[in-house]
Amino acid sequence: MCAGLTAALSACAGDPDEGTNGVGKLSATRVEKKARAAAEKAGSVKLSGNVVSKGVNYRLNMRLKRDGATGKVSKGNSTFALLKVGKDLFLKADADFWARQEKGGKEPSKSDVRAAGKLDGKYVVVPSGDPAYKQLSGFADMRLLLDGLLAMNGKREIGDRGEVGGVRTVRVQAGEGGGGIVDVSLIGKPYPMRVERGGGAGTLELAEWNKDFALRAPNKKQVVDYGRKIAAARS
């Protein structure tokens, strides 16, 4: 009688992996490998959340693909737009942002903001030789960014099942001390849907995998080659 009841309950419960891509049945290591492989083959992705780098918290809202990216980055009270087309990197922000840059992050005066008005809403070229280029382009490099976000340390284990952005997921977690967490899609391709970086270094959601978007350089009238002028002034 008990055996019959157990069988009936199991039948009612159904297969938790029914209608999924099947990765929920795999080991944590294999789920992680499949998620990485899916991410590496993808042509584009949208990501949003925060990243902590060298003690500084950045909020990202970026759309990336293999040949560039577009979106916004926030640091403290400052927000700027990034646009990367091929190797060309552009930064757009308001006058207050540029005035703060001139003041080394300090509160600018009204005259400082007025002086920076010529850059308000313009795309400023970030020269490849400028130290800021390497850091900023890292936020707009799909391969480099995903490699860093998906890196985890410690023994992998399968965690709870859940949902991210309306998509059913299975969790892979690394290390008892917080080596990182990635929630992997159980529907369609096993894309990473949410990443929690180890050591409290940020949490991001990833969506719109392989959804293409327009990416083009700004009109020349919208561009200021401010970086070269700074370099010339310093020489």
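For the structure itself, look to the data block above.
In this text the structure is predicted, and so the values were computed from the model without any measurement.

J.: Any chance you could break down the overall build of the protein for me, citing the residues and the numbers?
T.: Per the secondary structure count, the protein includes 7 helices and 12 strands. When the 235 residues of the protein are sorted by exposure, 38% land in the buried category. Taking all contacts inside the protein whose residues are at least 6 apart in sequence as the whole, residues at least 24 apart take part in 51%. Summing over all exposed atoms, the protein offers an accessible surface of approximately 13,600 Å²; the carbon and sulfur share of this is 50%.

J.: I'd love a proper account of the layout of surface pockets, names of residues and values included.
T.: Computed from the structure, the second largest pocket encloses a volume of approximately 400 Å³. Considering the residues around the second largest pocket, the lining is formed by 16 residues, among which Gln 135, Gly 138, Phe 139, Leu 144 and Leu 145 are closest to the centre. If you list the elements that add at least two residues to the lining of the second largest pocket, you get β1 (44–53), α5 (131–138) and α6 (142–149). Its residues assigned to classes, the lining of the second largest pocket comprises 7 nonpolar, 5 polar and 4 charged.

J.: Break down α6 for me, citing the residues and quoting the values.
T.: Of the residues making up α6, those classed as buried are Met 142, Leu 145, Leu 146 and Leu 149. Around the axis of α6, the buried residues are gathered within 95° of arc, so they sit on the same side. Where the residues of α6 are buried, they touch α2 (28–41), β1, β2 (56–65), α5, β10 (192–197) and β11 (202–207). Where α6 begins, one side-chain oxygen reaches toward the backbone nitrogen of Arg 143, 3.2 Å away; that side chain belongs to Asp 141.

J.: Would you mind going over the environment of Ser 53 in detail, with residue names and values included?
T.: One can find Ser 53 in strand β1. A sequence separation of 82 residues divides Ser 53 from Gln 135, and the C-alpha atoms of the two residues are 10.0 Å apart.

J.: Account for empty space enclosed by the protein, naming residues and giving values.
T.: Applying the stated rule across the entire model yields 1 cavity of 30 Å³ or more. In this structure, the largest cavity occupies an estimated 40 Å³ of space. Taken together, Glu 32, Ala 35, Arg 36, Leu 150, Met 152, Val 182 and Pro 192 make up the full set of residues lining the largest cavity. No other element matches the 3 residues that α2 contributes to the lining of the largest cavity. When the residues that make up the lining of the largest cavity are grouped by side-chain class, the tally is 5 nonpolar, no polar and 2 charged.

J.: Any details on the sheet that holds β1? Residues and values, ideally.
T.: What links the strands of a sheet is backbone hydrogen bonding, and the strands pair in either a parallel or an antiparallel sense. Spatially, 12 strands are ordered β7-β8-β9-β10-β11-β1-β2-β3-β4-β5-β6-β12 in an open sheet, and the strand pairing comes out mixed. The sheet is open, and its two borders are formed by β7 (156–164) and β12 (223–224), each paired with just one other strand. The pairing of strand β4 (residues 78–85) with strand β5 (residues 88–92) spans 5 bridges and is antiparallel. For Ala 81, the partnering residue across the bridge sits in β5 and is Lys 92.

J.: Would you mind going over the pattern of salt bridges in detail, with residue names and values included?
T.: Counting across every chain of the model gives 8 salt bridges. A salt bridge links Glu 32 to Arg 156; the shortest N-O distance between them is 2.8 Å. Placement of Glu 32 in helix α2 and of Arg 156 in strand β7 is noted, with a sequence separation of 124 residues between them. When its relative accessible area of 11% is taken as the criterion, Glu 32 is described as buried. For Arg 156, a relative accessible area of 23% puts it in the partly exposed group. Where Lys 65 meets Asp 212, a salt bridge forms, and the shortest distance between an N and an O atom there is 2.9 Å. With a gap of 147 residues between them, Lys 65 in strand β2 and Asp 212 in the loop between β11 and β12 connect regions that are remote in the sequence. Of the residues examined, Lys 65 reaches a relative accessible area of 12% and is grouped as buried. Within this structure, Arg 171, Asp 183, Arg 194 and Glu 196 form a network of salt bridges that share partners.

Conventions we followed
Residues numbered from 1 in each chain as written. Predicted model: local features only at pLDDT ≥ 70, side-chain atom pairs only at ≥ 80, totals over all residues. Heavy atoms only, no water. Helix = DSSP H or I, 4+ residues; strand = E, 2+ residues; numbered from the N terminus. Buried < 20%, exposed > 50% of the residue type's maximum accessible area, 1.4 Å probe, protein only. Contact = heavy atoms within 4.5 Å. Areas by Shrake-Rupley, 256 points an atom, 1.4 Å probe, with all protein chains shown as cover. 1 Å grid on protein atoms, 1.4 Å probe; cavity = no way out; pocket = protein on both sides within 12 Å on 5 of 7 lines; lining within 4 Å. Points joined across faces, edges and corners; volume = space filled by probe spheres on them. Nonpolar A, V, L, I, M, F, W, Y, C, P; charged D, E, K, R; others polar. Arc of directions from axis to C-beta. Polar contact = N/O pair within 3.5 Å; in protein donor to acceptor, adjacent residues only side chain to side chain. Pairing = 2+ DSSP bridges. Salt bridge = Lys/Arg side-chain N within 4 Å of Asp/Glu carboxyl O.

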